[in-house]
Amino acid sequence: MINSFIPEPGVAGRFIETSRDENGVLSDIRFHDTEHFNFAYDIVDELGKKCPDKTAMLHISKDGKERRISFRDMARYSNQTANYLSYLGIKRGDRVLLVLKRHYQFWFVILALHKIGAVAVPASFLLTRKDFEYRFKAARIRAVIASGEGEITDEIDKAAKSYDYLKAKIIVNGTKTGWDPYNRSVKFFSREFIRPEDAPGGDDPMLMFFTSGTTSYPKMASHSYKYPLGHYITARYWHGIDQDGLHFTISDTGWGKALWGKLYGQWLCEATVFTYDYSDFYAKEILGMIEKYKIKTFCAPPTVYRFLVHVDLSHYDLSSLTNVTTAGEALNPEIFRRFYKATGLTIMEGFGQTETTLLIAALQGTTPRPGSMGKPSPQYDVHILKPDGTECAVDEVGEICVNTSGSIPCGLFLGYYMETEKTQAVWHDGFYHTGDTAYMDRDGYLWYVGRVDDIIKSAGYRVGPFEIENEIMRLPYVLECAATSIPDSLRGQAIKASIVLTEGIEATEQLKKEIMKYLRNTLASYKRPKTIEFVKELPKTSSGKVRRVEIKQKDWEKDK
């Protein structure tokens, strides 16, 4: 028997109601009063009144300085920033590029943009002149707010030489000719910002992400003011947020994962987020932070867990952790098992895209299966479809699609900005097509296979790279790997494995033979790599996803 819908606790209850099954597992969710919903006003400002002294974020700078920023601080400083940005001419509808690493000012700025109605466009600090040129022109950027660290502003200045549409360049944590200094200028503005009667909200555009571009140049996924509500399940029922605990998501603010784990859902749950503003990732440093600050819930991409399991975790007190999660790409079952053996913690996997919120996951109360993404979120009507649009049978591989014929789920994107054809290519016939393939077992669990473009067609068989990679990852001396296609005169395509070895392991021909021998005993003949290449690193997007397409393109171009 399913319980009736009841409002969620706290300020979120005005907008969100949920129901659970007889086992207490989330079974459905519905949203109310979303027509004018604006996260900055309706959640952050309200929390600034309800629990003004509660810590919204514990921020640790790279030199170790601690800042405890309350909900009252978030409300006031975002107001102050909104007044400052308005003074500089930034207005409703303007696209504003944010390149702010993990600086605490990012939160003041993005909330201020939500209040003004300008569209926030997060970007990675790893971008170069060419990347910025593309983003400026494709998104018609009107202002840029960037970190003064490193060469970020230099690259932006180079890109701006061929772009005349910028009305403002703002530097955070620094000064530079031609840039307005945020830290110095913002303090002259009022901390009061009255919500106008026609304030942006609901279906108005609020946020724009550049997709990670694993198979093509990045597109711009546009989201509305309803997007934050779509992350309530992410935080409460997947991350397992504790209102009185610290949540730590590993992410730079330049990609969507930061807003999955460092802002919207967490504050809808009235929890405290933990942010460490590091420049370079060191697994031991992250483990030390978890131990020192008693982190309760933790989320990181699989790449991070692959590094963590190669550290002696017994040297760290991780007893404060109650729930750990992962998303960004599929998690290899071997990493799942190693982490569980070392910590006793079950990694709860999740799946979503830049275009969505959490689509599929091992939600609280469910039993995860190593290698499975979990089950569809009650927020989305997920189907596995064949190329002809019909439903796949149990265990049959197809594309992960979202049914939008009845209604559009809260959290699904508005479309690709200024790209009608590309939007229609993935959203048609009443379904949004993710471009990712999987199969559903008889118990409703989904198992990832790969991107549609990553599928290898060899000797008449369709082979997903993930299954091959899972077997290779069982080897203790393998840090990362990627399976891709290579030209083959007999089969058309054959399989290549690109392998990154753990530190101290020598890449030899004998080791290749050992791996081949191992795979002969674990994989069907048509799934075995024909070629193994040892590499120092795998090409990745700025969000950490392996770019198999880049490996494949190089190999196929060699054959021309």
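Refer to the structure presented above.
So, here is what we can say about the structure in this document. The shown structure was predicted, so the numbers you read here are calculated from the model rather than taken from an experiment.

Reading the values: the criteria
In this convention, every chain numbers its residues from 1, walking through the sequence in written order. Only residues with pLDDT of 70 or above have their local features reported here, since the model is predicted, and side-chain atom pairs are shown and tallied only from 80 upward, although totals for entire chains, interfaces and linings are computed over all residues. The basis for the side-chain values is all heavy atoms of the structure; hydrogens and waters are excluded. Only protein atoms enter the 1 Å grid, on which a cavity is a set of points fitting a 1.4 Å probe that cannot get out and a pocket is an open set with protein on both sides within 12 Å along at least 5 of 7 lines, lining residues being those with an atom within 4 Å of a point. Grid points are joined across faces, edges and corners, and a volume is the space filled by probe spheres set on the points. Under the scheme used here, helices are H or I runs from DSSP no shorter than 4 residues and strands are E runs no shorter than 2 residues, and both carry numbers assigned from the N terminus. Under the convention adopted here, Pro, Cys and the residues Ala, Val, Leu, Ile, Met, Phe, Trp and Tyr are nonpolar, Asp, Glu, Lys and Arg are charged, and Gly plus all remaining residues are polar. Pairing between strands is defined by DSSP: at least two bridges between them are needed. In this description, a line fitted to the C-alpha atoms serves as the axis of each element, helices being fitted only across the stretch in contact, and the angle between N-to-C directions of two axes falls anywhere from 0 to 180 degrees. Between two residues, a contact is recorded if the distance between any of their heavy atoms is within 4.5 Å. Only one rule defines a salt bridge in this text: a Lys or Arg side-chain nitrogen within 4 Å of an Asp or Glu carboxyl oxygen. Only protein chains enter the accessibility calculation, which uses a 1.4 Å probe. A residue is then buried if its area is under 20% of the maximum for its type, exposed if over 50%, and partly exposed in between. A 3.5 Å cut-off defines polar contacts: any pair of N or O atoms within that distance qualifies, except that in protein one atom must be a possible hydrogen donor and the other a possible acceptor, and neighbouring residues in sequence count only when both atoms are side-chain atoms.

Remarks on empty space enclosed by the protein
Within the structure shown, the criterion is met by three cavities of 30 Å³ or more. As a volume, the largest cavity reaches approximately 50 Å³. Mapped by element, the contributors of at least two residues to the lining of the largest cavity are strand 28 (478-488) and helix 16 (548-558). If one sorts the elements of the lining of the largest cavity by residue count, strand 28 sits on top with three residues. Residue composition of the lining of the largest cavity, by class: three nonpolar, two polar and four charged.

Section: the sheet that holds strand 28
With mixed pairing, the three strands of this open sheet are ordered in space as 28-29-30. Two strands in the sheet have a free side with no partner beyond their single neighbour: strand 28 and strand 30 (531-534). Averaged over all neighbouring strand pairs, the angle between strand axes comes to 25°, with direction disregarded. Inspection of the sheet shows strand 29 (residues 492-501) paired to strand 30 by four bridges, in the parallel sense. Along strand 30, the bridge assignment pairs K496 with T531. Here helix 14 (residues 465-473) sits on the sheet and contacts strand 28 and strand 29; the angle it forms with strand 28, its principal contact strand, is near 135°. The sheet contacts of helix 15 (residues 509-520) involve strand 29 and strand 30, and relative to strand 30 the element is tilted by about 135°.

Side note on the pattern of salt bridges
Tallied over the full model, the rule gives 43 salt bridges. For the salt bridge of K169 with D157, the shortest nitrogen-to-oxygen distance reads 2.7 Å. Of the two residues, K169 is situated in strand 9 (residues 168-172) and D157 in helix 5 (residues 152-160); the sequence distance between them amounts to 12 residues. Relative accessible area serves as the criterion here: at 21%, K169 is assigned to the partly exposed category. Of the residues examined, D157 reaches a relative accessible area of 19% and is grouped as buried. Two residues, R338 and E334, come together in a salt bridge whose shortest N-O distance is 3.4 Å. Taken together, the residues span about one helical turn, with R338 and E334 both in helix 12 (residues 333-343) at a distance of four residues. When salt bridges that share partners are traced, they join E334, R337, R338, E471 and R474 into one network.

Observations regarding the side chain of D42
Within the secondary structure layout, D42 lies in helix 1 (residues 39-50). According to the relative accessible area criterion, D42 is buried, its value standing at 7%. Here the side chain of D42 touches R195 through a polar contact of 2.8 Å, side chain to side chain. For D42, the residues in contact, after removing those within four places along its chain, are R14, F15, H36, F37 and R195.

Structural notes on helix 1
When you tally the buried positions in helix 1, you get nine out of 12 residues, the bulk of the element. When we look at burial in helix 1, the residues that qualify are F39, A40, Y41, D42, I43, V44, D45, L47 and G48. The secondary structure elements touched by the buried residues of helix 1 are helix 2 (71-87), helix 3 (105-116) and helix 9 (264-268). You can read the cap of helix 1 off the contacts: a side-chain oxygen lies 3.0 Å from the backbone nitrogen of A40, and it is on N38.

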